[in-house]
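Geometric and topological summary
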Amino acid sequence: FFCQCRQSRAVLEVSEAVLAIQLGCRESDFRFFAGMVRANGGAPPSVWPSLRQRTAALLRDIYAELITEGAARALSRLPPPASEAVGDAAGCRDEAGESPVLPEMGAASSAALWTLSVLVAGVGSMESRLSSDSLPCRTVREATPLELRANAGTLGRDYLPSAYDPWLGPRSAGVIRLRYGFDARRLSQRPGAGACEYTPVGLDGQTEAWVRGCLAKPAAASRLAVWRALKRRLYHYDAGVLAFHAFPRNYLLSPAHWEELLAGRPNGGLAAALDVGAGDGSLCSPYARLFGSVTVTELTSPLVWRLKATPTQGASLQAVATAELTPRALGREQFDVAFCLNVLDRCKDPVRMVEQLHALLPPGGWLVVAVVLPWLQSP
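What counts, and at which threshold
- Residues numbered from 1 in each chain as written.
- Predicted model: local features only at pLDDT ≥ 70, side-chain atom pairs only at ≥ 80, totals over all residues.
- Heavy atoms only, no water.
- Helix = DSSP H or I, 4+ residues; strand = E, 2+ residues; numbered from the N terminus.
- Disulfide = S-S within 2.5 Å.
- Buried < 20%, exposed > 50% of the residue type's maximum accessible area, 1.4 Å probe, protein only.
- Patch = residues over 30% accessible without salt bridge, like charges linked within 9 Å, V, L, I, M, F, W, Y side chains within 5 Å.
- Areas by Shrake-Rupley, 256 points an atom, 1.4 Å probe, with all protein chains shown as cover.
- Salt bridge = Lys/Arg side-chain N within 4 Å of Asp/Glu carboxyl O.
- Contact = heavy atoms within 4.5 Å.
- pLDDT = per-residue confidence, 0-100.
- Axes fitted to C-alpha atoms, helices over the stretch in contact; angles between N-to-C directions.
- Nonpolar A, V, L, I, M, F, W, Y, C, P; charged D, E, K, R; others polar.
- Polar contact = N/O pair within 3.5 Å; in protein donor to acceptor, adjacent residues only side chain to side chain.
- Lys, Arg positive; Asp, Glu negative; His and termini not counted.
- Phe/Tyr/Trp six-rings, centres within 6.5 Å; stacked < 30°, edge-to-face > 60°.
- Pairing = 2+ DSSP bridges.

Examining unusual backbone geometry
Of note, Asn267 is a non-glycine position whose phi angle comes to about 65 degrees, a positive value. Following the sequence through the fold, Asn267 ends up in the loop between helix H12 (255-261) and strand S3 (272-276). Of note in the backbone geometry, Asn342 takes a positive phi value of approximately 55 degrees without being a glycine. Note that Asn342 resides in the loop between strand S6 (337-341) and helix H16 (350-359).

Listed below in structure tokens is the structure:
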């Protein structure tokens, strides 16, 4: 049949239904093949581009599975996440009724974790240098009040009400639109909001530089493959520790915004801060320099290991693996400022967490909360 197509275009004039029956294939399959032959001037298309893509994808998957296997073996003897190991079950509390702090990661596991993280980072960096996968970014701007009222960029019912597409028009246009606005009037009318003050912040140069940097050097395909493979076998956030070492993923406020927000904090530059669920440290790093000491908590030993290695321009991070916000677990009776950034919307008992944080604050202490506000986008 291939020879007939190359020798004579007349074969394509034959009834497609009859020819499909003679070839033993569906009529739709033949129509697809006939169109490809016509598009290529009577010659079948080359399979090499597709083969190269599939081979590259296969090699990435093999590489990701090898990394995952090494990580699973290195972390197999570690304690479970604090959310599972710390609780009210029998054997999970000491004689004083306090929850125990999880043991730290051993030297062998730390070395293995560091080696795998550096390997993934090195391969990803090399891939990024050799490829040209950067996304165009010509303009970064705030959404206008009219666009906010119109819910411009909303993704639909399958996503959270606060989720939106930051790209304005096709990505090739390179226009990024960020939502910085909120409905202060509606927020102030909510129960218990009478004493709150709502001060909007705007897009500043540091934030724009971060956005442009992420688009200029997006995550390499090898990093994403490792991350997907790790998530199938490890705790979700531990997967990010390995896959995104030395790669900034999260951003909340610029250092300048933090300095403005935290002006007038108790004890000033000597204040003691607590950050609950600090993740990879990317959210607390910009404000750490404003405090005398910063204690951060997470649920697993790999996350705590990552936090201890997080570079800051000020106070070092004192990382603790615990799910209980008690003085014994944290090693301190009180904190001047407590941070709960992007945690309340994904913890099992947010009310209890706020109560525990309140107990750790002295009179006049500050609680800084970051949480998605969907009220502008939904009833």
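Next comes the rest of the description.
Looking at the state of the cysteines
Here the structure, examined in full by the defined rule, presents zero disulfides. Of all cysteine sulfurs, the one in Cys347 lies closest to Cys340, which takes part in no disulfide; the gap is 6.7 Å. The class of Cys340 is buried, set by a relative accessible area of 1%.

Topic: a nonpolar patch on the surface
On the surface, a nonpolar cluster with roughly 420 Å² of combined accessible area is contributed by Leu58, Leu59, Ile62 and Leu66. Tracing the backbone through its elements, the reader meets Leu66 in helix H4 (residues 48-74).

Topic: the environment of Gly213
With respect to the helices and strands, Gly213 occurs in helix H9 (residues 205-216). As for Gly213 and Ser134, which are separated by 79 residues in sequence, their C-alpha atoms are 9.6 Å apart.

Some details on helix H14 (residues 301-308)
Within H14, seven of the eight residues are buried, which leaves the element mostly enclosed by the surrounding structure. Within the span of H14, buried status applies to Ser301, Pro302, Leu303, Val304, Trp305, Arg306 and Leu307. Next to the buried residues of H14 lie helix H6 (107-130), helix H11 (236-243), strand S4 (293-298) and strand S5 (317-321).

Examining the confidence of the model for the chain
With 76% of its residues at a pLDDT of 70 or more, the chain shows a mean pLDDT of 79. Overall, residues 1-23 carries pLDDT values under 50, and its contacts beyond four positions in sequence, including any with other chains, amount to 32 contacts. Note on residues 83-101: pLDDT is under 50 here. Beyond four places in sequence and across chains, it has 28 contacts.

A closer look at the packing of H6 against H11
Between H6 and H11, the shortest axis-to-axis distance is 7 Å and the interhelical angle comes to 65 degrees. Between H6 and H11, the residues in contact are Leu113, Leu116, Ser117 and Val120 and Val241, Leu242 and Ala243, respectively. Looking at the contact of H6 with H11, its residues break down into six nonpolar, one polar and no charged.

Some details on the environment of Arg306
Mapped onto the fold, Arg306 is located in helix H14. Placed 27 residues apart in sequence, Arg306 and Gly279 show a C-alpha to C-alpha distance of 8.6 Å. Other than its neighbours up to four places away in sequence, Arg306 contacts Gly240, Val241, Phe244, His245, Ala246 and Asp280.

Here we look at the side chain of Thr322
Note on placement: Thr322 falls in the loop between S5 and helix H15 (327-330). Take Thr322: its relative accessible area is 2%, and that puts it in the buried class. There is a polar contact of 3.1 Å between the side chain of Thr322 and the backbone nitrogen of Glu324.

Quick word on the side chain of Asp280
Its place among the elements puts Asp280 in the loop between S3 and helix H13 (285-288). Lacking a salt bridge, the buried Asp280 has Arg306 as its closest oppositely charged neighbour, with an N-O distance of 4.1 Å. Separated by 2.7 Å, the side chains of Asp280 and Ser282 make a polar contact. Contacts of Asp280, omitting those with residues within four sequence positions, involve Asn250, Arg306, Leu307 and Thr310.

So, the packing of aromatic side chains
Under the defined criterion, the tally for this structure stands at nine aromatic pairs. Taking 6.0 Å as the distance between ring centres and 35 degrees as the angle between the ring planes, the aromatic pair formed by Phe244 and Phe247 counts as tilted. Judged by its relative accessible area of 4%, Phe244 falls in the buried class. You can call Phe247 buried: its relative accessible area is 18%. Between the aromatic rings of Tyr287 and Phe339, the centroid separation amounts to 4.0 Å while the plane-to-plane angle is 15 degrees, which identifies the pairing as stacked.

A short note on the pattern of salt bridges
One pass over the full model with this rule turns up nine salt bridges. For Glu69, the salt bridge goes to Arg233, with nearest N and O atoms at 2.7 Å. One end of the pair, Glu69, is in helix H4; the other, Arg233, is in the loop between helix H10 (221-231) and H11, with 164 residues separating them in the sequence. Taking the relative accessible area as the measure of exposure, Glu69 reaches 30% and is therefore partly exposed. Between Glu147 and Arg177 there is a salt bridge, and its shortest N-O distance comes to 3.3 Å. Highlighted residues: Glu147 in helix H7 (residues 145-149) and Arg177 in strand S2 (residues 175-178), separated in sequence by 30 residues. Residue class for Glu147 comes out buried when judged on its relative accessible area of 17%. Residues joined in a network through salt bridges with shared partners are Glu69, Arg73 and Arg233.

Describing the sheet that holds S5
Across the sheet, which stays open at both edges, the five strands sit in the order S5-S4-S3-S6-S7 with parallel pairing between neighbours. Looking at which strands have only one partner, the edges of the open sheet turn out to be S5 and strand S7 (366-370). Averaged over neighbouring strand pairs, the angle between their axes works out to 20 degrees when direction is ignored. Strand direction decides the pairing type here: S6 and S7, joined by five bridges, are parallel. By the bridge assignment, Val337 is partnered in S7 with Trp366. Against the sheet, H14 engages S4 and S5, with an angle of about 175 degrees to S5.

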